[in-house]
Protein chains: 2
Amino acid sequence: MAPMPPSDELPGSAAHVLELVASGSATSRADLVRELGLAASTVSTRVQELVDAGLLTESGEGASRGGRRPRLLRVVAQGAVALAADLGSHHIRTGAVGLTGAPFDIDEYTFDLTAGPEPALDVLAERLTALAERQHAAGRTVRGVGVGFPGPVDTDGGRIIAPSRMPGWHLYELRDRLADRLGLPVLLDNDANVLALGEQRAAHPTLRHLVVVKAGRGIGSGVISGGRLYRGAGGSAGDISHVRVDAAAERPCSCGNIGCLETVASGAAIAAALRGRGIAADSTTDILRLVENGEPHATTLVRQAGRDIGAVLAVVVNFFNPEAVILGGALSGAEPLVAAVRGVLYERCLPMATRELTIDAATCGPDAGLLGAGHAALREPAPADGLRSRAAGRT
Amino acid sequence: MAPMPPSDELPGSAAHVLELVASGSATSRADLVRELGLAASTVSTRVQELVDAGLLTESGEGASRGGRRPRLLRVVAQGAVALAADLGSHHIRTGAVGLTGAPFDIDEYTFDLTAGPEPALDVLAERLTALAERQHAAGRTVRGVGVGFPGPVDTDGGRIIAPSRMPGWHLYELRDRLADRLGLPVLLDNDANVLALGEQRAAHPTLRHLVVVKAGRGIGSGVISGGRLYRGAGGSAGDISHVRVDAAAERPCSCGNIGCLETVASGAAIAAALRGRGIAADSTTDILRLVENGEPHATTLVRQAGRDIGAVLAVVVNFFNPEAVILGGALSGAEPLVAAVRGVLYERCLPMATRELTIDAATCGPDAGLLGAGHAALREPAPADGLRSRAAGRT
DNA sequence: ATCACTTACTTCGGCGATCGAAGTAAGTGT
DNA sequence: ACACTTACTTCGATCGCCGAAGTAAGTGAT
């Protein structure tokens with residue numbers, strides 16, 4: 001049950017201790033001893049370091065378990081935060097993420113990313129600078145920025161790769177451009193990946209293998225394997241959108257192929273289909289509203305989208321055998337979609353693969369992406385001055 | 001390029017050093033220093049330990065690279081071996097596997113596994129005992145046994161789980177039964193998994209993410225992620241056989257569902273289809289022979305099987321983004337199948353996923369399974385007396 | 001109230017893996 | 001023959017972690 005250490009570190013690293021305390025898995029040194037499996041003396045020294053560094057505090061005493069009362073530990077709320085930005089094709093959402101709790105100081109603006117990278121960079125830099133200033137004013141240190149982008153990302157290079165329907169973005173070095181503008185380290189990743197990280201950290205910290213689907217205007221998925229984000233050989237793992245499905249027949253897709261899942265089951269496709277029937281629908285919000293109002297065409301289309309997504313996920317579930325499939329993104333708010341995915345998975349997958357499989361809608365709502373991006377950014381650079389990472393303990 | 005350590009160990013473990021020397025990645029202490037990234041002094045001590053333990057020897061000197069000649073290292077061939085058994089639904093293949101090189105002392109018998117576990121155990125125990133005795137006579141120490149089974153396996157429990165078409169095997173504790181009979185530690189795994197391990201170790205030691213398909217009488221796949229075998233949450237990862245494909249329409253499958261890939265693309269299904277057209281075909285060998293002789297129905301069926309397998313693999317490749325897809329098993333000897341898989345993958349997958357993707361037939365032939373099973377068994381128990389594993393270095 | 005027991009945490013000495021520096025050994029190239 | 005390179009060993013020093021023992025502060029039965 002003990003959550004694994006974040007990133008590549010050995011158990012017992014400073015970041016790992018912080019993670020356990022922040023997530024509430026451990027509230028005292030004794031708890032940490034139990035969770036980490038390290039000697040009490042080792043934990044004591046590690047905690048002392050973190051207290052000295054100003055990242056942890058003692059705050060009162062807890063309930064006795066038959067002996068001396070434990071001295072409770074808390075992460076210093078005033079401590080470090082990361083800024084987070086979740087980019088959609090038609091909106092930008094920003095917020096601040098601390099070591100503990102939900103994102104805060106959240107803002108959302110409509111913005112058309114397809115207009116090209118430069119205007120987007122300007123808006124992002126401007127909004128994030130303002131956010132950073134508010135954090136400073138509140139006495140918090142801003143340690144970095146995490147950004148989720150709705151398209152393929154070269155995470156190592158910090159740039160966008162050939163996003164469909166977003167001319168001008170190919171090979172755009174968003175990470176370094178933004179870092180230059182803000183004077184802060186920036187971490188850039190795919191939106192489905194940061195969503196997966198957020199859902200895992202916040203809602204399912206104990207699960208080690210899960211698939212988080214982002215069903216919104218487009219369809220993507222983030223894969224967590226062995227408790228870590230899985231990117232695959234070329235960094236493009238998790239695509240389920242450009243898979244041929246029967247229902248899509250010969251429809252041309254933005255990827256250049258035909259019959260892709262995206263052409264029938266994405267929010268964009270559903271909205272287009274609705275418009276084709278004379279029903280006004282543009283965004284995923286419109287679709288959700290129509291479904292909630294019981295509009296029959298909308299409900300049918302969303303349910304069929306769920307079946308199509310389920311058909312693809314059935315292959316993924318048999319192959320990958322995850323502990324959970326989490327449905328996120330705007331469309332996951334539509335009950336018929338979730339129900340359809342569930343039905344298809346239970347019908348088509350091997351019993352061995354579904355016996356202990358959880359299939360659920362995401363619980364973190366629209367902030368999961370922010371949380372994941374922020375958490376990732378918060379852990380990326382050196383944890384704090386004077387605290388070396390214990391992963392590469394060379395002298 | 002440095003191969004990762006086997007199993008869960010830190011770089012620089014005794015087993016890791018042995019692996020590097022055995023695979024030819026390192027031939028001297030200086031090589032090891034470069035591969036492991038450890039200090040020269042550390043490598044020296046580690047090598048000395050292995051020499052003292054009788055697992056490594058110095059054998060002459062290598063070519064100078066502009067300074068003193070390196071002292072070449074070799075694994076002691078007379079050292080330890082593991083026995084390996086690769087079970088098929090209608091055959092058993094056994095052999096011995098050393099730290100280096102190909103399996104040897106190989107035997108294959110036809111045997112009907114569907115007749116139930118007890119007779120199979122008898123035959124296995126008898127043949128492996130004889131094999132072990134031959135190894136002892138040759139002065140080699142037998143350290144363990146690796147077994148690949150053609151069906152779902154609970155690797156932790158060492159038993160078979162609900163194999164289709166193999167009555168009596170459900171929950172059979174093959175590992176412990178065999179271990180009792182032989183007096184040796186036994187490692188039991190799925191046949192596709194040991195095939196994947198064998199192919200990776202022997203042919204693609206540098207690849208970290210690959211999918212190895214076993215296309216024989218049935219269809220299975222072994223997944224290697226991050227250089228390690230991936231089993232998924234319930235241990236059933238890698239199934240691609242029970243996925244619905246168009247071509248299979250309403251055909252009932254042994255898994256209880258309809259339209260599974262297995263009902264059209266497995267060796268068993270192809271043989272049945274041939275018999276339905278009045279062509280005598282029983283085993284995968286028969287199919288291969290027919291294809292090589294240019295029998296049009298056989299070729300068509302095999303090619304179509306390749307397309308169907310490719311359609312499923314396309315989803316897997318987009319999702320998992322491996323570095324390579326390796327086609328193994330008897331049917332991979334049929335060129336049309338390999339060609340069809342290639343064609344479908346390149347046509348259907350995202351360019352990002354196929355740009356650096358290798359799609360090849362397995363190179364290790366029928367011995368890959370033995371090699372994987374043997375290698376796994378060889379590394380499973382304590383490496384050798386007096387050599388503690390450096391992974392769990394508690395005092 | 002007191003005594004045995006439990007839990008929580010700290011202090012301290014020690015072990016083992018690894019490092020870097022320095023030293024030895026044995027080459028190559030001019 | 002001289003400087004330079006590579007290969008390897010020897011020798012403290014360091015660092016993380018451990019376990020034992022000690023301190024602190026509770027609970028619960030007599």
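Residues numbered from 1 in each chain as written. Chains lettered and ligands numbered in written order. Predicted model: local features only at pLDDT ≥ 70, side-chain atom pairs only at ≥ 80, totals over all residues. Heavy atoms only, no water.

1. Concerning the relation of the copies chain A and chain B
The transform that puts chain A on chain B rotates by 179° and translates by 0.1 Å along the axis, for an RMSD of 0.1 Å. Here the two chains are linked by the operation of a two-fold rotation axis. Of the interface residues in chain A, 100% have counterparts in chain B that sit at the interface too, so the contact is made through matching surfaces. (Least-squares fit on C-alpha atoms with pLDDT ≥ 70 in both. Contact = heavy atoms within 4.5 Å.)

2. Points about the protein's contact with DNA strand C
DNA strand C sits among 27 residues. The nearest are A:Ala30, A:Ser44, A:Arg71, B:Thr42 and B:Arg46. The sugar-phosphate share of atoms of DNA strand C within 4 Å of the protein amounts to 72%. Residue A:Arg29 places a side-chain N or O atom 3.3 Å away from a phosphate oxygen belonging to DNA strand C. Contact between DNA strand C and B:Thr42: a phosphate oxygen at 2.6 Å from a side-chain N or O atom of the residue. Listing elements by their share of the surface near DNA strand C, those giving two or more residues are helix H2 (29–36) and helix H3 (40–52) of chain A together with helix H3 (40–52) of chain B. Here the residues of the surface near DNA strand C are counted per class, giving five nonpolar, ten polar and twelve charged. (Near = heavy atom within 4 Å. Polar contact = N/O pair within 3.5 Å; in protein donor to acceptor, adjacent residues only side chain to side chain. Helix = DSSP H or I, 4+ residues; strand = E, 2+ residues; numbered from the N terminus. Nonpolar A, V, L, I, M, F, W, Y, C, P; charged D, E, K, R; others polar.)

3. Remarks on the environment of A:Gly24
All names here are of chain A. Mapped onto the secondary structure, Gly24 falls in the loop between helix H1 (14–23) and H2. You can call Gly24 partly exposed: its relative accessible area is 45%. A C-alpha to C-alpha distance of 44 Å links Gly24 and Pro167, two positions 143 residues apart in sequence. (Buried < 20%, exposed > 50% of the residue type's maximum accessible area, 1.4 Å probe, protein only.)

4. Topic: the interface of chain A and chain B
Taken together, the 41 residues of chain A in the interface contact 41 residues of chain B. Summed over both sides, the interface of chain A with chain B buries roughly 3,400 Å², with 60% coming from carbon and sulfur. Area buried by chain A at its contact with chain B is led by A:Tyr230, A:Phe319 and A:Met352, which between them contribute 22% of it. Applying the counting rule to chain A against chain B returns two salt bridges. Between B:Arg244 and A:Glu347 there is a salt bridge, with its nearest N and O atoms 3.1 Å apart. Viewed at the interface, chain B and chain A are joined by 16 residue pairs in polar contact (both at pLDDT 80 or more). Mapped by element, the contributors of at least two residues to the side of chain A that touches chain B are strand S11 (219–225), helix H10 (296–320), helix H11 (335–348) and helix H12 (351–354) of chain A. Looking at which element gives the most residues to the side of chain A that touches chain B, the answer is H10(A), with six residues. Of the residues belonging to the side of chain A that touches chain B, the class tally is 20 nonpolar, 13 polar and eight charged. (Buried area = accessible area lost by both parts, 1.4 Å probe. Salt bridge = Lys/Arg side-chain N within 4 Å of Asp/Glu carboxyl O.)

5. Observations concerning the packing of aromatic side chains
Summed over all chains, the structure comprises eight aromatic pairs over all chains. Ring geometry for A:Phe319 and B:Phe320: centres 5.7 Å apart, planes at 70°, overall edge-to-face. Of this pair, A:Phe319 sits in helix H10 while B:Phe320 sits in helix H10 (residues 296–320), on two different chains. The exposure class assigned to A:Phe319 is buried, which follows from its relative accessible area of 1%. Among the aromatic side chains, those forming a connected cluster through ring pairs are A:Phe149, A:Trp169 and A:Tyr172. The ring of A:Tyr109 carries A:Arg127 above its face, with NZ or CZ at 3.7 Å from the centroid. (Phe/Tyr/Trp six-rings, centres within 6.5 Å; stacked < 30°, edge-to-face > 60°. Lys NZ or Arg CZ within 6 Å of the ring centre and 35° of its normal.)

6. What to know about the domain arrangement of chain A
By convention, interface size is frequently given as the accessible area that disappears when the constituent parts associate. All names here are of chain A. As assigned here, chain A comprises domain 1 (14–75), domain 2 (81–196 + 370–379) and domain 3 (205–363). Taken together, the contact between domain 2 and domain 3 spans 13 residues of the former and 16 residues of the latter. When the two sides are added together, the surface that domain 2 and domain 3 hide from each other amounts to roughly 1,100 Å², 54% of it contributed by carbon and sulfur. Sorting the residues of domain 2 by area buried against domain 3 places Asn193, Leu195 and Ala196 first, and these three jointly supply 42% of that buried surface. Put simply, domain 2 and domain 3 have three salt bridges between them. Here domain 2 and domain 3 share two residue pairs in polar contact (both at pLDDT 80 or more) between them. At five residues, helix H6 (residues 191–203) tops the list of elements feeding residues into the side of domain 2 that touches domain 3. In terms of residue class, the side of domain 2 that touches domain 3 is built from four nonpolar, five polar and four charged. (Domains from an automatic or database assignment.)

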